[in-house]
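This is what each chain is made of:
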Amino acid sequence: MPINDWFKQREGRRYTVSTGSGTESLPDGVWRTCPECKRTLYQGEVERSLSVCPHCDHHFELIARDRIDALVDPGSFAEIDAGLVSSDPLRFSAGKPYASSLERACQTTGMDDAALTGTATIDGHPVVVGALDFRFIGASMGSVVGERIARAFERARTEQRGVVMIVASGGARMQEGMLSLMQMAQTAAAAERLSRAGLPYVSMLVNPTYGGVTASFAVLADVIFAEPGAMIGFAGPRLVEQTIRRSLPKGFQTAASLQSHGMIDEVVPRGESRSRVATVLGYLMPADRAVPAGADDTPALLPEGGEA
Amino acid sequence: MPINDWFKQREGRRYTVSTGSGTESLPDGVWRTCPECKRTLYQGEVERSLSVCPHCDHHFELIARDRIDALVDPGSFAEIDAGLVSSDPLRFSAGKPYASSLERACQTTGMDDAALTGTATIDGHPVVVGALDFRFIGASMGSVVGERIARAFERARTEQRGVVMIVASGGARMQEGMLSLMQMAQTAAAAERLSRAGLPYVSMLVNPTYGGVTASFAVLADVIFAEPGAMIGFAGPRLVEQTIRRSLPKGFQTAASLQSHGMIDEVVPRGESRSRVATVLGYLMPADRAVPAGADDTPALLPEGGEA
Amino acid sequence: MARFVMEFERPLADLEEKLAALANLDIASTPQLAAEIAELEREVERLRATLYSTLSPWEKVQVSRHPDRPKTVDYVAYLFDDVVELRGDRRFADDQAMYTALATLGGRRVVVIGHNKGHTTKENVARNFGSPHPEGFRKAERAMRLADRFGLPIVTFLDTAGASPGLEDEERGQAWAIADCLATLSAVRVPVVVVGIGEGGSGGALAIGFGDRLIMLEHAYYSVISPEMCALILHKDAARAPESAAALALTAEDLLRMGIADEVVPEPLGGAHREPETVAGEVGVRIATALDALSEEDSDGLLERRYERLRAIGEYNETD
Amino acid sequence: MARFVMEFERPLADLEEKLAALANLDIASTPQLAAEIAELEREVERLRATLYSTLSPWEKVQVSRHPDRPKTVDYVAYLFDDVVELRGDRRFADDQAMYTALATLGGRRVVVIGHNKGHTTKENVARNFGSPHPEGFRKAERAMRLADRFGLPIVTFLDTAGASPGLEDEERGQAWAIADCLATLSAVRVPVVVVGIGEGGSGGALAIGFGDRLIMLEHAYYSVISPEMCALILHKDAARAPESAAALALTAEDLLRMGIADEVVPEPLGGAHREPETVAGEVGVRIATALDALSEEDSDGLLERRYERLRAIGEYNETD
Ligand SMILES: [Zn+2]
Ligand SMILES: [Zn+2]
């Protein structure tokens, strides 16, 4: 199960989360170290660059709200489907009780579960946007995440909006058992209904995206983008390594490798994601498609080199 | 170009064609040698077994008419679209003039081109059936073959019949240039229209099937069967060998290999082809689909082992 | 070949061995033996009843994995006629871990899709132990589309530990292949009846594992994660799988309670492999009954209900 | 780097070299030189006009293969804005030999699909010289389906010697991949404009090479088989390709005459690579004009006409 791998991988390294209110693992929240190039960075500088290291282009993890803000038109985001909370349906208490994990995640993140969804515009295009927050139990998908994602697709269908999902996840939320697994089918079905309604869906896969989330709505998008360096897969790297009993090739499951294996359309740096997503929506949104060729607001026939 | 490879390959070996009127390369037409097990066989014995060697199961080449007769209900075949002949549109005379190749092929085969099509029933299912005859310029597809195939699909669509194609071919007929290449698109489009009309199409690939015919209507069937030992591919084996500059693996492009590579559904011995095709049609023909479950003429709920 | 003995069956197996040894003795020469044998037989019977009538979740998982347990192809052989196996994804390979076919159940023409475990090691190696590669899911998707195009209901059999987690499976897009199955299965305009016959491991099971009716065998399981992997994560100790199995609520009864499964097919004492034909017969009746009921709905209604069914799964509190 | 000289350009290239050498001499010291240079220049001009204005089919094939000739990505760069490249078949690889993208031509949003030859050897090795593997065709098919779903017209650029004929291409179903493209392209409910910009080699070209309009560049070719392969079959001698090229009727003019191509875009003397921007501009106008005309038809009519167009191709006598 990928969550496991990810938690293990994360244990080993010094790890910081960028939040509006400061970072947890640095003493004062003013300075942080880039895990890639090891340089010490001023927190304010990092935040101004959308949490991308100005020296080596490392993409720091972002909280869901920051990811959405980096993507949508300023001020356009309005959260939807707030107030859903997990009911701990299995009273799951093997290992650490699920209820306490939930409580701690809520306190740490100020969220009620790992998915944040809302309506917004991107370069004016009406969308429903969603983002998963890895701080919340590894952004695993339980009933609440699945419900929010499904509702997001449904609202987009009803209101003729596009959907943009920023996905990070360790996979299914095992503490909700089969109820969690079935969210894969539920979100995939919702995405499929949007598709059959002729509305566009763009996903942006960020580090890390694994398991039941990858294998459902995340990759059913019409156009799939990924952030540089993002690790993406179904089975976690440790499980794969155990299965094949040899070490993994360099670059395995990275965004760049997935692109060359034909799984994603483009690796998009965070700073360009808004414009790239907006461009795609320009092609696929029904309203834009309705604009007749040669209409007044379109550019001249041939922008350069032509004789027309 | 596959035709080339095939002609070359055929040059080297002693080669016989089973026809109703005897074989060309044996003195008296009464005895023939199996190219696989090298045994001498009595021609009558071979014909009784649908031209399959009773010792090693080698499938001898069959002429188109014999193939159709082996597949459809006795007496049900009625030829359609007879009387189409090539007009040698390019006046192609590089090498051996096309006109003389055509003339010789007509004389040898008694056909006017490589495709024979007609209406028939298979176990009562109404179909349009077609077969290509390798004796006719390597069963290459020119304007006449393409036209007959397209008309076959169209008639099936109009008359709510299924389509069964028995395909052997060296590929496109280069002597008709681009007119020949475009038959690939034409036949594929016709097959696609049949598919969208909800009517079934089963193909039976026999030795050899290559080039532009493989890459068009031949593999667009809902269910694809192949005869044991049939060689099937896009590029001919010699071209592939030249491209990769090493020898080909054993079994390359054989029906069995294609099955394990996921390209065909089943390798069906000639003697079973009628019943296998009929079974598939039973599933896919609209009329049969309309029979309600549990209707009088269907077998009991549970044929064995059940308690119902 | 020795009979396969599951861990929890060991005490019973020991008694049965003793009984067998006694039976080989000459009863005539030792008169009290007959009484002893009779006593032992009663004890075996009591133990068997106790043992099997109260299987724990973890014991059920073991039963679900029993090599002699009837597999997809066994149900096909027992129940279906006029089988035409559909092979290959038309792109890369014919994945033996996934079985797809045109088949007829008591006159009902359907498309069968099932994970393809074998009984022997040799079979299982050829079939990757029933864990499909991406091309297995793509074969399944091809079968789903064929069923949809020709209006044939779909019957699936779940029996996998999960999708294959190899390097090349990842490279060929395992997640993409599974997601495509989910999307396609959610949208086919024909009835979909799912039967959990053995293991129902995670996304690899789900890819062909939801529809309009879910029938679970009594000792089949269906889980978001294997008990061993769950134990490894929670306790860093796979040996604590029995606890995890209980925590995950993965049994047929659990699924019925949660509204995910519709019905549970009882198994004979000891498991389906003790009376495979009887079990297959009952499974056939359940499938046929479900198909007949579903065939009365029009496809729009069917689709809508399937979606609502999925959407109803999940538990949470809504505070606003 | 020396300019690439095609076989038939050799006499002209020799003269041009001489002229260049003369230009390096000191004109002042040899008064007659100016006159000689002027004379030579006139001769070069005459030769160029003769050479290029009467290209044989085989010479056109050479021009179509010229490394400097504008390729698909050059047309995209010259003509299109807001390009979003669509990568990968979602199954196996992103085949660099096939290019697909969302792109905008003077306000017209379309899907571009093209064979992706490079100019340099390095580019060409990465792109398999523009000969797609099965996954290239599957990427193209994916782009076609996207275009169909979102109502975006399709513009294709043909420039391939043919589909890749490797061992693994066969094993991954090259024929299946091409046939699927043909079926899909025949059925997309959006306008399809095809532009032959260079080589149009056999089934690998046809897979993205038919639609509602076929625009051929003057020196582009489109053929059922390469002239070399044809010569090898007919004469067992690839060197007799010039004859085969003539026999195959593969030039733009031939296609126009046969009713396969709709229009021919003239090229500057020497070929499109001499004035790539001018050629691209004209190509852009032709595409835009075709798209605007086709956008007026409803999709049913479009489909019907595309099918009739295909069905009309082929010549035979009907005796009954
Ligand atoms: Zn850095
Ligand atoms: Zn023999």
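Before reading further, recall that the structure is shown in the block above.
Quick summary incoming for the structure in this document.

Cut-offs and rules
Residues numbered from 1 in each chain as written. Chains lettered and ligands numbered in written order. Predicted model: local features only at pLDDT ≥ 70, side-chain atom pairs only at ≥ 80, totals over all residues. Heavy atoms only, no water. Helix = DSSP H or I, 4+ residues; strand = E, 2+ residues; numbered from the N terminus. Rg over C-alpha atoms; globule rule 2.2 N^0.38 Å. Buried < 20%, exposed > 50% of the residue type's maximum accessible area, 1.4 Å probe, protein only. Contact = heavy atoms within 4.5 Å. Areas by Shrake-Rupley, 256 points an atom, 1.4 Å probe, with all protein chains shown as cover. Lys, Arg positive; Asp, Glu negative; His and termini not counted. Charge placed at Lys NZ, Arg CZ, Asp CG, Glu CD. Donors = N, O, S within 2.8 Å, 3.2 Å for Na, K, Ca; no water. Tetrahedral: all angles 85-135°; square planar, octahedral: opposite > 155°, others 65-115°. Pairing = 2+ DSSP bridges. Axes fitted to C-alpha atoms, helices over the stretch in contact; angles between N-to-C directions.

This next bit is on the overall build of chain C. When its secondary structure is counted, chain C shows 14 helices and eight strands. Here the C-alpha atoms of chain C give a radius of gyration of 21 Å, agreeing with the 20 Å that 2.2 N^0.38 yields for 320 residues. Its C-alpha atoms give chain C principal-axis dimensions of about 75 × 50 × 40 Å. Going through the 320 residues of chain C one by one, you find that 63% of them count as buried. Within chain C, residue pairs in contact and separated by at least 24 positions form 71% of the contacts whose partners lie at least 6 positions apart. By element, 52% of the accessible surface of chain C is carried by carbon and sulfur atoms, the whole surface being about 11500 Å². Charged side chains of chain C number 35 positive and 54 negative; the gap between the two group centres comes to 3 Å.

Bringing the coordination of the zinc ion (ligand 2) into the picture now. Residue and element names in this part refer to chain B. The protein atoms that coordinate the zinc ion (ligand 2) are Cys-34 (SG), Cys-37 (SG), Cys-53 (SG) and Cys-56 (SG), at distances of 2.2 to 2.3 Å. Here the zinc ion (ligand 2) is ringed by four donor atoms whose angles at the metal span 102 to 116°, and the overall shape comes out tetrahedral. Written as a sequence motif, the donor arrangement for the zinc ion (ligand 2) is C-x2-C-x15-C-x2-C. Of the two residues, Cys-37 sits in the loop between strand E1 (31–33) and strand E2 (40–42) while Cys-56 sits in the loop between helix H2 (43–48) and helix H3 (64–71), which places them 19 residues apart along the sequence. Judged by its relative accessible area of 28%, Cys-56 is partly exposed.

The subject of this paragraph is the sheet that holds strand E7 (residues 263–265) of chain C. All names here are of chain C. Pairing within the open sheet is mixed, and its seven strands lie in the order E1-E2-E3-E4-E5-E6-E7. The strands lining the two open edges of the sheet, one partner per strand, are strand E1 (80–85) and E7. Mean inter-strand twist for the sheet, computed between neighbouring axes without regard to direction, equals 25°. Both strand E4 (residues 154–160) and strand E5 (residues 192–200) contribute to a ladder of six bridges, which runs parallel. The residue bridging Leu-158 from the neighbouring strand is Gly-196, located in E5.

With that out of the way, let us pick up the coordination of the zinc ion (ligand 1). Protein coordination at the zinc ion (ligand 1) comes from A:Cys34 (SG), A:Cys37 (SG), A:Cys53 (SG) and A:Cys56 (SG), with a distance range of 2.2 to 2.4 Å. Counting along the primary sequence, the residues that act as donors to the zinc ion (ligand 1) give the motif C-x2-C-x15-C-x2-C.

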